[in-house]
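Inside the fold
The chain contents come next:
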Amino acid sequence: MKMIFAIMHSEDVDETVDELNKKNYWVTKLSTTGGFLKNKNVTLVIGTEEENVPGAVKIIKECAGKRKSIKYTMPSMSSGNIYPGANNMIPIDMEVGGCTVFVLDVEHYEKC
Ligand code: 2BA
């Protein structure tokens, strides 16, 4: 038996938990706070058999790992664009997500 701790951004939690549940993983969500930046994050606790660990880590990486995303932003006034209708949003490549995963041995497990 192994215990996975996965610390991730709050925005990625719902999809990650849904996908883990679909594959029959048991998940507990903890509201946590980063000790350095003091931002809120979420830690998922997943108890599972050793052979199921790679499957869970794969889902976590896909749903909460670092990835590219395109965000749209308004052009700045400094661009000199003062004509109505010419304010098309500007696409910006951004890196989003990112998670920290620990896998620990479980010495004893039972439901009482
Ligand atoms: P990350 O390394 O991506 O870590 C994001 C969050 O994951 C951390 O939030 C913390 O809640 C958790 N975490 C990461 N590694 C951990 C570990 N070995 N043990 C326990 N929890 C862990 P924060 O502590 O607020 O850190 C936010 C970001 O600030 C980190 O991003 C890292 O880029 C930087 N950072 C954290 N501690 C640092 C330090 N002592 N010196 C320099 N930079 C640090």
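Placed above this text is the structure.
What comes next concerns the included structure. (Residues numbered from 1 in each chain as written. Predicted model: local features only at pLDDT ≥ 70, side-chain atom pairs only at ≥ 80, totals over all residues. Heavy atoms only, no water.)

1. Quick notes on helix 1 (residues 13–22)
Under the convention used in this document: The buried label goes to any residue with under 20% of its type's maximum accessible area, the exposed label to any with over 50%, and the partly exposed label to all in between, with areas taken from a 1.4 Å probe on protein chains only. Working definition: helices are DSSP H or I runs of at least four residues, strands are E runs of at least two. Numbering for both runs from the N terminus. What the arc covers is the set of directions going from the helix axis to the C-beta atoms. Residue contacts follow a heavy-atom distance rule, with two residues in contact if any of their heavy atoms lie within 4.5 Å.
Those residues of helix 1 lying buried are V13, T16, V17 and L20. One face of helix 1 carries all of its buried residues, which in axial projection span an arc of 95°. Exposed residues lying more than 90 degrees from the buried face of helix 1 are D14 and K22. Elements in contact with the buried residues of helix 1: strand 1 (2–8), strand 2 (27–33), strand 3 (40–48) and helix 2 (53–64). Looking one or two places after helix 1, you find N24, whose phi comes out positive at around 70°.

2. A word on the pattern of salt bridges
What counts, and what does not: Counted as salt bridges are all cases of a side-chain nitrogen of Lys or Arg within 4 Å of a carboxyl oxygen of Asp or Glu.
Taken as a whole and assessed by the stated rule, the structure comprises four salt bridges. Across the pair K2 and D105 runs a salt bridge whose closest N-O atoms are separated by 2.3 Å. Residue K2 is found in strand 1, and its partner D105 is found in strand 6 (residues 99–105); the two are separated by 103 residues along the sequence. K2 sits in the buried class, given a relative accessible area of 15%. E62 is the partner of K58 in a salt bridge, and the nearest nitrogen-oxygen pair spans 3.1 Å. Taken as a pair, K58 and E62 lie in helix 2 at a separation of four residues, close to a single helical turn. Both residues of the pair, K58 and E62, belong to the exposed class.

3. Description of the packing of helix 1 against helix 2
Geometrically, a packed helix pair is captured by the angle between its two axes and the distance between the axes. What counts here: Axis lines are fitted to C-alpha atoms, over the contacting stretch for helices. Their N-to-C directions set the angle, which ranges from 0 to 180 degrees. Relative orientations are named as follows: roughly parallel for angles under 35 degrees, roughly antiparallel for angles over 145 degrees, roughly perpendicular for angles from 65 to 115 degrees, and oblique for any other angle. Definitions for this section: a left-handed crossing has its near helix turned counterclockwise from the far helix by less than a right angle. A right-handed crossing has that turn clockwise. Think of it as three bins: nonpolar holds Ala, Val, Leu, Ile, Met, Phe, Trp, Tyr, Cys and Pro, charged holds Asp, Glu, Lys and Arg, and polar takes everything else, Gly as well.
It is the contact of helix 1 with helix 2, at a shortest axis distance of 9 Å, that shows an interaxial angle of 150°. The pairing of helix 1 with helix 2 is recorded here as roughly antiparallel in orientation. Judged by the sense of rotation from one axis to the other, the crossing of helix 1 with helix 2 is right-handed. Where helix 1 abuts helix 2, its residues E15, T16, E19 and L20 lie against A56, I59, I60, C63 and A64. The residue inventory of the contact of helix 1 with helix 2, partitioned by class, reads six nonpolar, one polar and two charged.

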